[in-house]
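Listed here are the chains, written in short residue letters.
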Amino acid sequence: FYPFHSNSYLLYFSGNEDDYIIISVVRSKELGFLSNLRRTNVMLTRCKKGMFIFTNRKFLEGKGKECLVGKMAAAWGSEAWKDEADIKKLVDERVK
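Quantities reported herein were computed from a predicted structural model and do not represent experimental measurements.

Draft legend 1. Quick peek at the confidence of the model for the protein. Of all residues in the protein, 81% have pLDDT values of 70 or greater, and the mean over the chain is 77. When the elements of the protein are averaged for pLDDT, helix H1 (residues 10–13) gives the smallest value, 51, and helix H4 (residues 68–76) the largest, 90. Contacts of residues 1–7 to residues separated by more than four positions or lying in other chains number 8 contacts, the stretch itself having pLDDT below 50.

Here is the structure:
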């Protein structure tokens with residue numbers, strides 16, 4: 001529902017920016033790159049207008065709660081969590 005023009009891995013996206021960034025940090029067991037603050041910084045500073053972070057809520061409330069993204073989710077509270085219908089509505093409003 002949104003015209004994508006790029007699919008990049010975080011490692012290769014360093015130094016690039018885009019208006020909107022869609023990030024997937026879907027994890028279930030280990031933190032992976034989320035344990036590296038420099039990589040997390042790259043992830044969070046590449047958008048000019050906004051970003052969507054897709055993740056597993058249970059993970060960020062468990063093993064991921066001490067990483068930066070977990071702390072952000074806790075600070076933003078339940079208002080930060082959106083389901084598919086919420087996201088489609090946001091994108092549709094921005095595309096118009």
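Draft legend 2. Up close: the pattern of salt bridges. Applying the stated rule across the entire model yields 3 salt bridges. Where Arg57 meets Glu61, a salt bridge forms, and the shortest distance between an N and an O atom there is 3.3 Å. Here the residue Arg57 and the residue Glu61 both occupy positions in helix H3 (residues 57–61), the gap between them amounting to 4 residues, near one helical turn. Classification of Arg57 as partly exposed rests on a relative accessible area of 37%. The salt bridge involving Asp92 is made with Lys88; its shortest N-O contact spans 3.1 Å. Here Lys88 and Asp92 lie together in helix H5 (residues 84–95), a separation of 4 residues that amounts to about one turn. Relative accessible area serves as the criterion here: at 29%, Asp92 is assigned to the partly exposed category. Judged by its relative accessible area of 37%, Lys88 falls in the partly exposed class.

Reading guide: rules and limits
- Residues numbered from 1 in each chain as written.
- Predicted model: local features only at pLDDT ≥ 70, side-chain atom pairs only at ≥ 80, totals over all residues.
- Heavy atoms only, no water.
- pLDDT = per-residue confidence, 0-100.
- Helix = DSSP H or I, 4+ residues; strand = E, 2+ residues; numbered from the N terminus.
- Contact = heavy atoms within 4.5 Å.
- Salt bridge = Lys/Arg side-chain N within 4 Å of Asp/Glu carboxyl O.
- Buried < 20%, exposed > 50% of the residue type's maximum accessible area, 1.4 Å probe, protein only.

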